[in-house]
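# Observations on chain architecture
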Amino acid sequence: SSMASHVKFVRGPLDPVKLVDIPGEADRLARKWLSAGLSPLTVNRRLALVKRVLNLAYSRWEWLAEPLHLRIHSFSERGTERQVFLTQEEVGKLYDAMKHPGARDALLVAVFTGLRRGELLGLTPEHIRNGTILLRANETKGKKARAVPIHPAIEQIVQERLPIRIRSAALNAHWDQA
């Protein structure tokens, strides 16, 4: 998981550091990561982990006499939005590169709905009503029910080929290959 990755990259360099020295060392590490080309988003996630541990060390475990987590500052994330929009040509190239019919169906449904992989692979005919995909609260990451309109380009897929016949790992493999 992404959290496990952050733990790995933070823990190694900070394990030998005394708690009181962590804010300064975390700042040095963060600057090193930025200069190595990591995005401010990634660096901030790692710093948030360090801040949380220092906060617990102060407020819950009483290992620290002062709130050292307040000395760790995040970097600006301005201009680092994660939204990426594929062009029609890029979608066509991905589609052509995917040979598995389930991977192709998953690609098109994802492109025209914005569904997450888990939502997409969990779709069944019962989710389809009146030209809409209805997701229940327990089926979404944000735990909020939502309705997603069905674009005509994927109508045949959602009417005739649900559930999409591909496992998550296979979809990853086809995506990476494409």
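The structure presented is a predicted model; accordingly, all values stated were derived computationally and were not measured.

With that settled, consider the environment of V91. Here V91 is to be found in helix 4 (residues 88-97). Along the chain, V91 and V111 lie 20 residues apart, while their C-alpha atoms are 8.0 Å from each other. Beyond its immediate stretch of four places on either side in the chain, V91 contacts L86, L107, L108 and V111.

With the rule as written, the count across this model stands at one aromatic pair. Summarising the aromatic geometry, the rings of W61 and W63 are spaced 4.8 Å apart at their centres and angled 35° between planes, so their arrangement reads as tilted. Judged by its relative accessible area of 36%, W61 is partly exposed. Seen from the ring of W33, R46 lies directly overhead, with NZ or CZ sitting 4.7 Å from the centre.

A few words on the side chain of H69. Tracing the chain through its elements places H69 in the loop between helix 3 (40-59) and helix 4. By relative accessible area, H69 is classed as buried at 12%. When near neighbours in sequence (up to four residues on either side) are disregarded, H69 contacts K51, L54, N55 and Y58.

Criteria and thresholds
- Residues numbered from 1 in each chain as written.
- Predicted model: local features only at pLDDT ≥ 70, side-chain atom pairs only at ≥ 80, totals over all residues.
- Heavy atoms only, no water.
- Helix = DSSP H or I, 4+ residues; strand = E, 2+ residues; numbered from the N terminus.
- Contact = heavy atoms within 4.5 Å.
- Phe/Tyr/Trp six-rings, centres within 6.5 Å; stacked < 30°, edge-to-face > 60°.
- Buried < 20%, exposed > 50% of the residue type's maximum accessible area, 1.4 Å probe, protein only.
- Lys NZ or Arg CZ within 6 Å of the ring centre and 35° of its normal.

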